[in-house]
Amino acid sequence: MDNQPPNLSTRSFKQKDFKSDIQPIWCPGCGDFGVQAALFRALAGLGKSPEEIVIVSGIGCSSRLPAYTTAYGFHGIHGRALAVGTGLKLVRPDLLVIVAGGDGDGFSIGGNHFLHACRRNIDLTYIVMDNEVYGMTKGQPSPTTAPDWNSMFAPGGTGIIPFKPLELALAAGANFIARGFYGDPNNLAQLLLQAINHPGLSFVHVLSNCVTYRPEQRVWKELVHTANWAVPTEFAEAVRRLNDDDGFTIGVFFAGTRPAYSWTFARSADLSQLTKIEQEFLI
Amino acid sequence: MTESLPKVLLVNGVTMLLAYARAIEIEAAERYLELAEQMDVHNSPELANLFRKMAAAEQMHLSKVDNLVGTLKLPEILPWQYKWDTPEALETTAYDAIHYQMTPRCALQLALANEERAVAFFNEVVAQSSDSEARRIASELAAEEYLHVEIVRSWLDRFHESDFKEDLDNPVSQ
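Visitor: When you look at the overall build of chain B in this model, what are you seeing that I'm missing?
Guide: Within chain B, the secondary structure is distributed over 4 helices and 0 strands. Listing every helix and strand of chain B by position from the N terminus yields α-α-α-α. Radius of gyration (C-alpha) of chain B: 17 Å, near the 16 Å computed for a compact globule of 174 residues. Projected onto the principal axes, the alpha-carbon positions of chain B cover approximately 60 × 30 × 30 Å. Classification of the 174 residues of chain B by burial places 49% in the buried group. Pairs at least 24 residues apart make up 84% of the contacts formed inside chain B by residues separated by at least 6 positions.

Visitor: It is not clear to me how the overall build of chain A should be interpreted in this structure. Could you clarify?
Guide: Secondary structure assignment for chain A yields 10 helices and 8 strands. Principal-axis analysis of the C-alpha atoms places the extent of chain A at approximately 60 × 45 × 45 Å. Within chain A, buried positions represent 51% of all 283 residues. Counting only contacts in chain A whose residues sit at least 6 apart along the sequence, the fraction spanning at least 24 positions is 70%. Within the structure as shown, chain A displays about 13,100 Å² of accessible surface, and the carbon and sulfur contribution to it stands at 57%. Looking at charge distribution, chain A has the averaged site of its 23 positive side-chain charges lying 2 Å from that of its 25 negative ones.

Visitor: How should the nonpolar core be read in this particular structure?
Guide: What tends to happen in soluble globular proteins is that the nonpolar side chains get buried as a cluster. All names here are of chain A. Judged by nonpolar contacts, the single largest core of 44 residues is most densely connected at Leu39, Leu43, Ile53, Ile98, Ile127 and Leu192. Listing elements by their share of this core, those giving two or more residues are α1 (31-46), β1 (53-57), β3 (96-102), β4 (125-130), β5 (176-181), α6 (185-197), β6 (202-207) and β8 (249-255). Among all residues touching Ile98, those that are not within four sequence positions of it are Leu39, Leu43, Ile53, Val54, Ile55, Val56, Thr125, Ile127 and Ile196. Counting 29 residues, the second largest nonpolar core, distinct from the first, contains Leu95, Phe114, Tyr126 and Phe254.

Visitor: I keep staring at the packing of aromatic side chains and nothing clicks. Help me out?
Guide: Each aromatic ring pair is described using two quantities: the centre-to-centre distance and the angle formed by the ring planes. Residues and elements named next belong to chain B. Applying the stated rule across the entire model yields 19 aromatic pairs over all chains. An aromatic cluster of three or more residues is present, and its members are Tyr20, Tyr82, Trp84, Phe121 and Phe122. Directly above the ring of Tyr95 sits Arg31, whose terminal nitrogen or CZ lies 3.6 Å from the centroid. The residue whose ring lies beneath Lys53 is Trp155, and the NZ or CZ to ring-centre distance is 5.7 Å.

What counts, and at which threshold
- Residues numbered from 1 in each chain as written.
- Chains lettered and ligands numbered in written order.
- Predicted model: local features only at pLDDT ≥ 70, side-chain atom pairs only at ≥ 80, totals over all residues.
- Heavy atoms only, no water.
- Helix = DSSP H or I, 4+ residues; strand = E, 2+ residues; numbered from the N terminus.
- Rg over C-alpha atoms; globule rule 2.2 N^0.38 Å.
- Buried < 20%, exposed > 50% of the residue type's maximum accessible area, 1.4 Å probe, protein only.
- Contact = heavy atoms within 4.5 Å.
- Areas by Shrake-Rupley, 256 points an atom, 1.4 Å probe, with all protein chains shown as cover.
- Lys, Arg positive; Asp, Glu negative; His and termini not counted.
- Charge placed at Lys NZ, Arg CZ, Asp CG, Glu CD.
- Core = buried A, V, L, I, M, F, W, Y, C linked by side-chain atoms within 4.5 Å.
- Phe/Tyr/Trp six-rings, centres within 6.5 Å; stacked < 30°, edge-to-face > 60°.
- Lys NZ or Arg CZ within 6 Å of the ring centre and 35° of its normal.

Written as structure tokens, this is what we have:
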């Protein structure tokens with residue numbers, strides 16, 4: 001009897017191999033369907049089996065993604081997807097860890113984790129499906145909502161300037177920064193593949209419409225345009241590109257050369273000291 | 001519809017034509033099935049049934065394409081390597097064309113546009129390919145697609161309601 005595990009990566013996969021039997025409860029017309037299709041296409045193109053991949057999320061409409069895939073999934077707590085993903089990647093570096101969520105989960109509740117995940121540069125791919133609203137809780141403004149968006153929860157708008165996620169990621173140290181669009185799943189799949197294959201923290205900001213609370217976002221498909229530059233590898237050039245960005249440029253804004261964080265530093269530490277400290281906490 | 005046609009000159013020979021034809025039918029069938037499931041979740045059985053019928057029609061068409069493929073070895077092409085002028089394969093309904101308030105009439109109009117794009121595509125191959133066998137097959141596929149166009153048109157004649165129905169429990173107003 002052959003006890004050797006199968007060489008999983010020699011199998012070939014199709015998009016539908018990554019789709020679970022659980023039906024998404026997203027609203028018909030939701031941009032997250034396009035992101036899901038793009039991600040599953042990218043994973044099929046990557047050639048890894050579902051058993052080699054983990055999708056970690058927080059809370060929100062888009063954070064339901066782990067339930068909809070045959071890959072391993074971890075539907076975590078609000079804003080803490082990157083913390084869970086970081087821990088997982090450190091103890092299981094053999095797994096491909098993808099972290100996904102929305103703009104509220106990632107930039108508000110999880111804002112601090114976002115900054116430090118970029119700074120640490122763990123080898124993760126972080127996909128934020130940004131619809132500029134808290135859809136699951138019925139339409140409150142999020143950190144990326146325009147200041148003049150008038151709604152029942154913020155009559156006249158919040159008057160607060162929105163976050164610029166790509167600038168934040170670059171400033172905090174992310175090693176790969178891109179923007180995609182839900183309405184072009186094939187192009188987004190290519191961006192996701194690039195992000196997954198790039199070492200370190202890869203941040204992919206996806207314009208993903210909320211058909212229910214932000215129906216005006218349908219106009220995005222008229223506004224998006226493809227980046228017409230060679231991928232910036234220098235920080236200063238990425239800053240210039242982001243400075244000129246109108247928020248609808250689709251493409252890669254930065255692909256840095258910083259090596260991903262590894263256990264090298266931790267391994268060089270005197271682990272017996274850690275054991276000693278842990279023993280001091282024993283009751 | 002010609003403004004949304006793919007670069008048909010890339011689809012010159014038989015194997016490339018059949019690879020494109022398979023991609024068109026597979027993606028269309030899978031998407032219709034996915035849309036049917038979305039409508040199941042949102043308790044729109046009429047639309048779910050309609051999308052399932054469309055999926056079944058595309059599946060039948062795929063079987064016919066597969067018969068044409070026979071033992072031919074087709075090129076392996078990743079989804080984003082096809083040269084569509086639409087964001088996805090040209091018979092695939094875009095996710096954002098869907099809405100929970102849509103009516104069967106609206107769904108059929110989308111299906112009609114999908115089928116018409118397919119007819120135009122295969123007719124373009126007939127007009128432009130230098131390969132006589134590819135032209136013959138494309139002509140056959142265009143005729144198949146045109147049958148679908150006629151069927152969808154006949155279904156459309158049965159529906160005279162507006163494209164979107166009123167939501168008596170509008171989520172935005174609560």
